[in-house]
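One letter stands for each residue in the lines below.
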Amino acid sequence: MTNVRIATWNINSVRLRMPIVEQFVAEHDPDVLCLQEIKVDDDKFPYEAFRELGFRQVEAFGQKSYHGVATISKLPFQSVERMHWCGKEDSRHLVTTLEDDTEIHNFYVPAGGDEPDPAINEKFAHKLQFLEEVTSWYAERRDDANRMVVVGDLNIAPHENDVWSHKKLLKVVSHTPVEVEAMARWIESHDFHDVVRQFVPDTEKLYSWWSYRARDWDAADKGRRLDHVWVTQALRDTVKSMEVLRPARGWLKPSDHVPIIADFDLPV
């Protein structure tokens, strides 16, 4: 068995944040780094910068100025698949498979806009449709032998201690009951295990995102846990540790999200 460190991070523009990406890689040495909101077309992605950091496979699935995901690895991939949902060409789901058949699903789920009403907010309707489609897809593929790691900015804080105020955010997109219920169905679709809450119980507040709008994000601490790491039951016993890297929110020119790091014992 080999220790494999997988990290997920909504980087909020990869080219703008390369200095803190380099800092993160130097300090935490991930084997696989999954980024979201890379905000760049594939042909302008900084492939060479990642190769200079020691990564051997760099897979970008991007689009100009918006969205986009990338999975960067020191381990070889046996396959790469770029998924499209809701009849759109958004770059939101990249599947890479390691040589031991472990699939890494890197997601950037639609944020959903400001108004949690699909009848008047097309972005929220898109988010709910996206969640419904991916849930059905995983349900159709369900198999106890599947080795899947789902990571990314899923743009939902499901538990009352995943947000700074459960009562105040019940009608705010990312914590509404309809979204929380949709995420529960997605988790159930393949009996996913929440790695983050395995190590930090639901009784404790835990966030991975803090708005840029706060003058002092750390003192205000009005965060949400929008970033997730899930595994199928076949991988549950391989998870060894997890860290939400809160200090990264205070780095120079930070993303509004912080990395989540999980260590696995895998036969790669």
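Below you will find a few notes about this structure.

Quick notes on the rules
- Residues numbered from 1 in each chain as written.
- Predicted model: local features only at pLDDT ≥ 70, side-chain atom pairs only at ≥ 80, totals over all residues.
- Heavy atoms only, no water.
- Pairing = 2+ DSSP bridges.
- Helix = DSSP H or I, 4+ residues; strand = E, 2+ residues; numbered from the N terminus.
- Contact = heavy atoms within 4.5 Å.
- Axes fitted to C-alpha atoms, helices over the stretch in contact; angles between N-to-C directions.
- Buried < 20%, exposed > 50% of the residue type's maximum accessible area, 1.4 Å probe, protein only.
- Right-handed = clockwise from strand over helix to strand, strands pointing away.
- Salt bridge = Lys/Arg side-chain N within 4 Å of Asp/Glu carboxyl O.
- Phe/Tyr/Trp six-rings, centres within 6.5 Å; stacked < 30°, edge-to-face > 60°.
- Core = buried A, V, L, I, M, F, W, Y, C linked by side-chain atoms within 4.5 Å.

Time to look at the sheet that holds strand β6 (residues 93–98). Taken in spatial order, the 6 strands line up as β5-β6-β7-β8-β12-β9 in an open sheet, and their pairing is mixed. At either margin of the open sheet sits one strand with a lone partner, and together these are β5 (77–83) and β9 (193–194). Relative to strand β12 (residues 227–231), strand β8 (residues 148–153) runs antiparallel, the two being bridged by 5 bridges. Bridge pairing links G152 to H228 in β12. This element, helix α3 (residues 122–141), spans β5, β6, β7 (103–108) and β8 of the sheet and lies at about 170° to β7. Those strands touched by helix α5 (residues 177–189) are β7, β8 and β12, and its axis lies near 25° from that of β12.

Bringing the pairing of β7 into the picture now. Within β7, 6 of the 6 residues are buried, leaving the element largely enclosed by the surrounding structure. Residues of β7 alternate between two faces, with E103, H105 and F107 on one and I104, N106 and Y108 on the opposite face, all of them buried. Linking β6 back to β7 in an antiparallel pair, the connection comprises 4 residues, with D101 at a positive phi of about 75°. Relative to β8, β7 runs parallel, the two sharing 6 bridges. Bridge assignment links N106 to a residue of β8, and that residue is V151. Crossover handedness for the path β7 to α3 to β8: right-handed.

Scanning the model with the defined rule gives 18 salt bridges in all. Of the charged contacts, one joins R51 and E48 as a salt bridge, the two residues approaching to 3.9 Å between their closest N and O atoms. Here R51 pairs with E48, and both are found in helix α2 (residues 47–52), just 3 residues apart, close to one helical turn. Among the residues examined, R51 registers a relative accessible area of 41% and is labelled partly exposed. Take E48: its relative accessible area is 47%, and that puts it in the partly exposed class. The shortest N-O distance in the salt bridge between K240 and D265 comes to 3.9 Å. Separated by 25 residues along the polypeptide, K240 in strand β13 (residues 239–244) and D265 in strand β14 (residues 260–266) bring together distant segments of the chain. Judged by its relative accessible area of 43%, K240 is partly exposed. The network of salt bridges with shared partners includes D162, D194, R197, D202 and R225.

Below, the discussion takes up the packing of aromatic side chains. A full pass over the atoms with the stated rule returns 17 aromatic pairs. Where W85 meets W137, the ring centres are 5.7 Å apart and the plane angle is 80°; that geometry is what we call edge-to-face. Of this pair, W85 sits in the loop between β5 and β6 while W137 is found in helix α3, placing the two residues 52 residues apart along the sequence. When its relative accessible area of 10% is taken as the criterion, W85 is described as buried.

Next up on the list: the nonpolar core. Ranked by internal contacts, the top residues of the largest apolar core, which has 52 residues, are V14, L33, L35, I38, F45, F50 and I72. Contacts of I38, omitting those with residues within four sequence positions, involve I11, S13, V14, F45, A60, F61, G62, H67, G68, V69 and A70. Counting 20 residues, the second largest nonpolar core, distinct from the first, contains V95, F130, I156 and W230.

Of note in this structure, D29 is not a glycine but carries a positive phi near 50°. With relative accessibility at 44%, the residue D29 sits in the partly exposed group. One non-glycine residue, E37, adopts positive backbone phi at about 50°. Tracing the chain through its elements places E37 in the loop between β2 (32–36) and α2. With a relative accessible area of 13%, E37 lands in the buried category.

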